[in-house]
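Residues per chain, in single letters:
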Amino acid sequence: MESYHKPDEKTLQGLKSIANKLRIHSINATCASNSGHPTSCCSAAEIMSVLFFHTMRYKADDPRNACNDRFVLSKGHAAPILYAAWVEAGYVKEAELLNLRKIDCDLEGHPTPKLAFVDVATGSLGQGLGAACGMAYTAKYFDKSSYRVYCLLGDGECSEGAVWEAMAFASHYGLDNLVAILDVNRLGQSEAAPLKHDMTAYQERCKAFGWNTCVVDGHDVEELCKEFWHAERFKGKPTAIVAKTFKGKGLKGIEDLDNWHGKPIPKDRVDELIAHLENQIQASGKPLQAALPNEDAAPVDPRPIYLLSSPEYKSFDKISTRKAYGNALKKMGDASQRIVALDGDTKNSTFSETFKKAHPDRYIECFIAEQNMTSVAIGCATRDRTVPFASTFAAFFSRAYDQIRMAAISQSNVNLVGSHCGVSIGEDGPSQMALEDLAMFRVIPTCTVFYPSDGVSTEKAVELAANTKGICFIRTSRPDTAIIYEPDEKFEVGKAKVVRQSNSDQVTVIGAGVTLHEALAAHDILAKEGVNIRVIDPFTVKPLDAATIVASARATRGKVITVEDHYKEGGLGEAVLAAVGEEPGVVVHRLAVSRVPQSGKAQELLDMFGISAKSIVAAVRSTFAN
C-alpha cells in the first residue's frame, strides 16, 4: 500500500507564503472596490493555497480544459481569493484585481462563468455542492475520467437543506472523486453560525450522510496536504474535510471578531496589516505550480443532435405529451451519447423511464430532491460534457426556483421538463397541478419555454431543446390528446402554427397543450353555426411569435382570446398581451384558471374554470356579438 510522504520544508513554506499572498491580494482588491469580503477570504487562504498549488491538477493557461480538476467556490462571496489564486497561477493579471466589482471588469462580486475558470455561478448559498456532484458524477460514470472535483463551502451555508440533499446524493452514488471542504470559520453574516466551532458535530453529520470525514486545522498546510492526499486514495465514498478556521485569519484586531463580514479593511489599517502578512512571506526558488492533469477526458463532439427518425404517430392516434417526451428522449439518446436524463422519482409519470430502459447507464435517479436534481443537471452540463434533461412534475420545479435562477447566471445549457401541468391532471388535486410554471420560467433570462400540444410537436421540442443555448423548459400534459401535425412538420423556436384559418375568421383563439385541443373543438362547434375562428398554437411561449399573433389579430379585427391551463398571472395570456401591446385596436380576452382548484375529473375541471371548448364558444359568441 502506498504510504504518505510529507512535503519537504521548502514546499510547505512555499504554500504558507502563497496563502499570505492570497490574503494580501484579497485585501487590495476589496479595498480598491471599497466593498467585498476580505475576512471570508482570509479564513480560506491555506485551503486555497494547498488546493491550487499542491493538490489539484490543471493547466493554468487553459482553465476550461476537459481534463482539468474542477473547483467550485460554493461560498461565492469569497470570490477575491479565487481570483487571487488565478493571479498566482499566472492566468489573471495582478493589476486586474484592482478592478474588482467595476462595471467593465469580469471579476464580479461573486463568481460567474464569464471567467474561464468558473463553471457555475455561486453566491446564492448552498448550491455549489449539488453542481459539484453533477461534475463528479459526469467524471466517474459518463467521462470515465480521472479528473476530480473540489468544492469549498462555508459553515453558514450548511444550514441550507440543499447542502444535505447533495451530501445524500454523493454518498448514494459513491462519488469518491468528490471532496467537500467545509471552511468552518464560526462567524456568519450577522452572528455566529449555529454550530460555531463544534467540529465534532460537523464531523458526525457528514459521517451520518455516508461521507469519509476528517477534521483538520484549516490553517495548517501540512495537515491539509495530508488529508487531500488521503482523499484522493479513498475509494467508495466522497470525502468531507472539515476545516477549523478563523474569519479574518492573520489580521490583528479583526481575526475571529464579529461585525467584519462584508467589510473592506479600513484604509488607515491596510498598510500595517499587509506589512505583517508580508513579513511572513519567505522568498523561495522555483515557484510552486499545479501538476498537469491526465489526458483522459475525450473531446466533446459539438455537432447538433438530431432525431434519427421522424415521429411515428398517425393522425388517428392519441398520446399524452408527457409520454411523447419519453419516446423523444429515448430517440435522442439513440442519436448521441451526450444525452443524459435525470428524474426525481417520477420517471413512471414523466416517462423518463422510457429513456432509462434504453440507456440505463445515462440515467440519474435523483429521488425526491428537486433542488439537488436541478443543481446536478447544471453540473452535468458544464464544459458541454453532456446534454442533460431533468424531469419531474412541473409544480415541483418551484421548489428549485433559486437553482433555476442561478442556472441563468451560470449560462447553463440545461433542459428541464415539467409534466402534470394545470387542472387537466384531474383527481390528484391542486398540490400536484402546475399553474405557476409558465410565469416562473418566462421571467428567467436565457430561458426558452416550449409548450407542445401533440406527440409530433413534443418530439420536435425535445430535439430543438437539445440544440438551444440557455435554459429550456418543456411543459408536458397528462391527458391523451390527438395528433395534430404530420410527422414531417417543421418546427422552429419562436414560430407559432396557425392550425385553423379562413378568410372569414372573426376571432383569433390562442391555446396551448390541452387548451389547444379545446380550441379546436370550439372551432368545430362554431363552424357548424357559420362562425369561423382562427386557432393558433404558439409552440414556444417564450420567445412568442408576436408577428404571427399580430397579423392574426389584425385579420380578426383586433379580437383575440387566449385560453390556458394556468393561472392568469404571468402565463400565455400575459405573453400575448405583451406581444400586441403596441398594436392599436386589439383587445385580448383571457380565459385562465382563476383560483386555487380542487380534485375532480379533468373535463369537469376544465369546465369549472372556464377553459373548456364550451367556455371558448361562449367567449367567442360574446366577443363576436360586441
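Residues numbered from 1 in each chain as written. Predicted model: local features only at pLDDT ≥ 70, side-chain atom pairs only at ≥ 80, totals over all residues. Heavy atoms only, no water.

Named according to an unreviewed UniProt entry, the chain is Transketolase originating from Ictalurus punctatus. Listed under Sequence similarities (unreviewed entry) in UniProt, the entry text for the chain is "Belongs to the transketolase family." On record in UniProt, under Subunit (unreviewed entry), the comment for the chain is "Homodimer." (UniProt positions renumbered as here; feature names shortened; annotations may be inferred.)

(A) Molecular detail of the domain arrangement of the chain. Parsing the chain into structural domains produces domain 1 (9-279), domain 2 (317-483) and domain 3 (497-623). For domain 1 and domain 3, the distance between their C-alpha centres works out to 52 Å. (Domains from an automatic or database assignment.)

(B) Summary view of the sheet that holds strand β10 (residues 415-419). Within the open sheet, the seven strands sit side by side as β8-β7-β9-β10-β12-β11-β17. Their pairing is mixed. Each edge of the open sheet carries a strand with a single partner, namely β8 (363-365) and β17 (540-542). Across the sheet, the mean angle from the axis of one strand to that of its neighbour is 20 degrees, orientation sign disregarded. (Pairing = 2+ DSSP bridges. Helix = DSSP H or I, 4+ residues; strand = E, 2+ residues; numbered from the N terminus. Axes fitted to C-alpha atoms, helices over the stretch in contact; angles between N-to-C directions.)

(C) Local environment of the packing of aromatic side chains. In total, this model carries 23 aromatic pairs according to the counting rule given. The interplanar angle of 65 degrees and the centroid separation of 5.4 Å between the aromatic rings of Y4 and W229 together place this pair among those described as edge-to-face. Highlighted residues: Y4 in the segment before α1 (9-33) and W229 in helix α8 (residues 221-233), separated in sequence by 225 residues. Taken as a pair, Y4 and W229 share a single burial class, namely buried. An angle of 85 degrees between the planes, with centres 6.1 Å apart, marks the rings of F397 and F441 as edge-to-face. You can see F397 sitting in the loop between β9 (387-393) and α14 (401-409) and its partner F441 sitting in helix α15 (residues 437-442), a full 44 residues away along the chain. (Phe/Tyr/Trp six-rings, centres within 6.5 Å; stacked < 30°, edge-to-face > 60°. Buried < 20%, exposed > 50% of the residue type's maximum accessible area, 1.4 Å probe, protein only.)

(D) Seen up close, the packing of α1 against helix α9 (residues 267-278). Relative to each other, α1 and α9 sit at 165 degrees, their axes nearing to 10 Å. Classified by the angle their axes make, α1 and α9 are roughly antiparallel. Helix-helix and strand crossings are classified by hand; for α1 and α9 the assignment is left-handed. Residue-level inspection shows N20, R23, I24, I27, N28 and C31 of α1 in contact with α9, the latter providing K267, V270, I274, L277 and E278. (Parallel < 35°, antiparallel > 145°, perpendicular 65-115°, else oblique. Left-handed = near helix turned anticlockwise from the far one by under 90°. Contact = heavy atoms within 4.5 Å.)

(E) Region of interest: the UniProt feature "domain: Transketolase-like pyrimidine-binding" (unreviewed entry) in the chain. When the UniProt feature table is mapped onto this chain numbering, "domain: Transketolase-like pyrimidine-binding" (unreviewed entry) sits at residues 319-483. Counted over residues 319-483, helix gives 39% and strand 18%. Its end C-alpha atoms are 7 Å apart.

(F) Spotlight on the pattern of salt bridges. All told, the structure shown has 29 salt bridges when counted by the stated rule. In this structure, R621 and E529 form a salt bridge, with 2.3 Å as the shortest nitrogen-oxygen distance. Taken together, the positions of R621 in helix α21 (residues 613-625) and E529 in the loop between α17 (514-527) and β16 (532-537) put the pair 92 residues apart, joining distant regions of the chain. A single salt-bridge network, built from bridges that share partners, covers E2, R57, E232 and R233. (Salt bridge = Lys/Arg side-chain N within 4 Å of Asp/Glu carboxyl O.)

(G) Region of the structure containing the nonpolar core. Membership of the largest hydrophobic core comes to 82 residues, with the highest contact counts inside it found for L129, L178 and I364. It is helix α5 (residues 128-143) that provides the largest number of residues to this core, a total of eight residues. (Core = buried A, V, L, I, M, F, W, Y, C linked by side-chain atoms within 4.5 Å.)

(H) Expanded view of the pairing of β9. The buried fraction of β9 is high, at seven of seven residues. Examined bridge by bridge, strand β7 (residues 339-343) and β9 share five bridges and lie parallel to one another. Across the sheet, D343 pairs through a bridge with S391, a residue of β9. For β9 and β10, the ladder comprises five bridges, and the chain directions are parallel. Note on β10: the bridge partner recorded for S391 is V417. Taken together, β9, α14 and β10 form a β-α-β motif whose crossover is right-handed. (Right-handed = clockwise from strand over helix to strand, strands pointing away.)

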